[in-house]
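# Structural overview for review
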Amino acid sequence: MSQTIAVRNPYTGKHDYEFVDTTAADVQAACARVRAGQPAWAAMSLAGRLAVLERFGESIVAHREALVSALTDDTGRAVIPGIEVDGLAGFIKRAVADAPRALAEAPARPAHIPSIHGSTHRIPFGVVGNISPWNFPVILSFIDTFPALAAGNAVVIKPSEVTPRWVAPMRDAIAACPEIAGVLDIVVGTGQAGAALVDCVDAVVFTGSVPTGRKVAEGAARNFIPAYLELGGKDPAVVLAGADVSLAAR
């Protein structure tokens, strides 16, 4: 049974937004829908996919005001939401520039056994799940999504339930670019939606905490799919004796 989730505004401290938690069946339906569109997307030429990505970027620009406003309410920030949304153009530009080299076919090469040669063929995973965190909701939802789309994958994003307001205007931007709408979806939900996503994709990208990252890795291992994890807290920090702790805290 679906549950309504109340969301707190970090600036006012009040719960002023709510959404219906995505069920496992909803996640499965979203994955099935983009999976149906993925073969035609992958069959499109690389130049064609990159051109669509650029048109999607134009659609994001057209929805900039609504995206920035929603992201401001999500995060309580005044400046960074605009930087996040505007930064997506740079991510698309980089994906467009890097894709031809990254997806190029490698020439055949001899193996250690005579008469046997090996070659590399780039094929998409299929459907990629992207579970993103609350701290940079838009950037971290798309920094891996654009390259995955460029490579011919479909993508389903599951953003943090703490910052869900930006999803509605982004869905509008997606809908305005029909070719992208067939292979990109966003599901808003709690951890159960994330767990369900891991169970119905062919690769998963996760940015977040170590405990949740461990659950994602375990789920991916059960399903024998690749997992790409960026986990907060896994890197060491060295505080030198000369550090001004009071200044750093402020």
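Residues numbered from 1 in each chain as written. Predicted model: local features only at pLDDT ≥ 70, side-chain atom pairs only at ≥ 80, totals over all residues. Heavy atoms only, no water.

### Quick look at the nonpolar core
Core analysis: the largest hydrophobic core is formed by 62 residues, its most contacted members being Phe56, Phe142, Met170 and Ile180. With six residues, the single largest contributor to this core is helix α4 (residues 80–102). Here Met170 is in contact with Phe56, Ile60, Leu67, Leu88, Val138, Phe142 and Ile186, once residues within four sequence places are set aside. (Core = buried A, V, L, I, M, F, W, Y, C linked by side-chain atoms within 4.5 Å. Buried < 20%, exposed > 50% of the residue type's maximum accessible area, 1.4 Å probe, protein only. Helix = DSSP H or I, 4+ residues; strand = E, 2+ residues; numbered from the N terminus. Contact = heavy atoms within 4.5 Å.)

### A few points about the environment of Ala148
Assignment of secondary structure puts Ala148 in helix α6 (residues 145–150). Using a relative accessible area of 11% as the deciding quantity, one classes Ala148 as buried. The spatial distance from the C-alpha of Ala148 to the C-alpha of Val127 is 9.0 Å, given a sequence separation of 21 residues.

### Some words on the packing of aromatic side chains
One pass over the structure, following the stated rule, counts five aromatic pairs. When the ring of Phe56 is compared with that of Phe142, the centres are 6.3 Å apart and the planes differ by 50°; the resulting orientation is tilted. Placement of Phe56 in helix α2 (residues 46–62) and of Phe142 in helix α5 (residues 139–142) is noted, with a sequence separation of 86 residues between them. Accessibility classification places Phe56 together with Phe142 in one group, the buried group. Geometrically, the ring pair formed by Phe56 and Phe146 is edge-to-face, given 6.3 Å between the ring centres and 70° between the ring planes. With a gap of 90 residues between them, Phe56 in helix α2 and Phe146 in helix α6 connect regions that are remote in the sequence. (Phe/Tyr/Trp six-rings, centres within 6.5 Å; stacked < 30°, edge-to-face > 60°.)

### Some remarks on the pairing of strand β4 (residues 117–120)
A regular strand places its side chains so that they alternate between the two faces of the sheet. Two elements, strand β3 (residues 106–110) and β4, share three bridges in a ladder whose sense is antiparallel. Opposite Arg109, over in β4, you have Gly118 as the bridge partner. Between β3 and β4, which pair antiparallel and follow one another directly, the connecting turn spans six residues, one of which, Ser115, has a positive phi of 75°. (Pairing = 2+ DSSP bridges.)

### Points about the sheet that holds strand β7 (residues 184–186)
Spatial ordering of the open sheet is given by β7-β6-β5-β8-β9, a layout of five strands whose pairing is parallel. Two strands lie at the open edges of the sheet, namely β7 and β9 (227–232), each paired on one side alone. If you compare each strand with its neighbour and ignore which way they point, the axes differ by 10° on average. Strands β5 (127–131), β6 (154–158) and β7 of the sheet are contacted by helix α1 (residues 24–43), whose axis makes an angle of about 160° with β6. (Axes fitted to C-alpha atoms, helices over the stretch in contact; angles between N-to-C directions.)

### Concerning the pattern of salt bridges
Taken as a whole and assessed by the stated rule, the structure comprises eight salt bridges. Note that Asp16 is salt-bridged to Arg165, the shortest N-O span being 2.6 Å. Separated by 149 residues along the polypeptide, Asp16 in strand β2 (residues 15–20) and Arg165 in the loop between β6 and α7 (167–175) bring together distant segments of the chain. (Salt bridge = Lys/Arg side-chain N within 4 Å of Asp/Glu carboxyl O.)

### Considerations on the pairing of strand β8 (residues 203–209)
Buried residues dominate β8, accounting for six of its seven residues. Sheet topology places β5 next to β8; four bridges connect them, and they run parallel. Among the inter-strand pairings, Gly129 is bridged to a residue of β8, identified as Val204. The pairing of β8 with β9 spans six bridges and is parallel. Bridge assignment links Val204 to a residue of β9, and that residue is Ala227. In the classification by handedness, the crossover that spans β8, the intervening helix α10 (residues 210–223) and the parallel β9 is right-handed. (Right-handed = clockwise from strand over helix to strand, strands pointing away.)

### Focus: the environment of Val239
With respect to the helices, strands and loops of the structure, Val239 is situated in the loop between β9 and α11 (245–249). The class of Val239 is exposed, set by a relative accessible area of 67%. Sequence separation between Val239 and Cys177 is 62 residues; the distance between their C-alpha atoms is 48 Å.

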